[in-house]
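Examining the three-dimensional arrangement
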Amino acid sequence: MQLNMSVKQMRSKRAIRILAGVVLPALLAGLTMLLVIYNRPGFTGERIKNPDSYSLDILRMNGTDSHTLSLNAGDVLQVEFETSKGSLHIKITAPDGTIIYAGNGEETTSFEINIPETGPYTVAVQARHAEGRIHIRLKAS
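Below you will find a few notes about this structure. Keep in mind it's a predicted model, so treat the numbers as computed, not measured.

1. Some thoughts on the overall build of the protein chain
- When you go through the protein chain residue by residue, the secondary structure sums to one helix and six strands.
- The helix and strand sequence of the protein chain, counted from the amino end, reads α-β-β-β-β-β-β.
- Looking at the 141 residues of the protein chain, the share that counts as buried comes to 27%.
- Here the contacts in the protein chain between residues at least 6 apart in sequence split such that 65% fall between residues at least 24 apart.
- Total accessible area on the protein chain is roughly 9,300 Å²; 57% of this is exposed by carbon and sulfur atoms.

2. What to know about the side chain of Ser53
- Inspection of the secondary structure assignment puts Ser53 in strand E2 (residues 53–71).
- By relative accessible area, which is 15% here, Ser53 ends up buried.
- Here Ser53 is in contact with Ile48, His67, Leu69, Ile136 and Arg137, once residues within four sequence places are set aside.

Procedures and definitions
Residues numbered from 1 in each chain as written. Predicted model: local features only at pLDDT ≥ 70, side-chain atom pairs only at ≥ 80, totals over all residues. Heavy atoms only, no water. Helix = DSSP H or I, 4+ residues; strand = E, 2+ residues; numbered from the N terminus. Buried < 20%, exposed > 50% of the residue type's maximum accessible area, 1.4 Å probe, protein only. Contact = heavy atoms within 4.5 Å. Areas by Shrake-Rupley, 256 points an atom, 1.4 Å probe, with all protein chains shown as cover.

Okay, structure coming up:
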C-alpha cells in the first residue's frame, strides 16, 4: 500500500511539473499573442483626404491618422463625428499650434468650427478598437 501511494504521488508531482513547465507557459504565450494581434494598429474602411476635407468611414480602426487641411480665415468647417464602437478622439490644431477643437464625439455629433486664421490646420485622430465615422469639410458659402 505504501508503494502505491508513492507511485501515485510521483505521478501527481510529475503531472504538476509538466503543467507548470509546459502547458502554462504555452497558454500564456498564446494569450499574449492574441492581445498583441488584437491591439495592433490598423484601419479597415474608407479614408478620403482632400485639401479642404477629411473623411473616415471606419469599420475597424486602432491607432492614429492625421491630415492637413488648407483653410482661410473666415472659413467654416462642418464636422460630423460619430463613434459607434470603441473610442475615437479628434484634435484640430491651427497653424499657430492652438487647439481649436478636441473631443470624442460622444456629446455632439454634428457641429461647425469657425476658422480664425489662414494656413494649414492639422486634424489628428486617435482610435482604440473603433467603429464610426468622421467627416470634416469646408462648408459651402
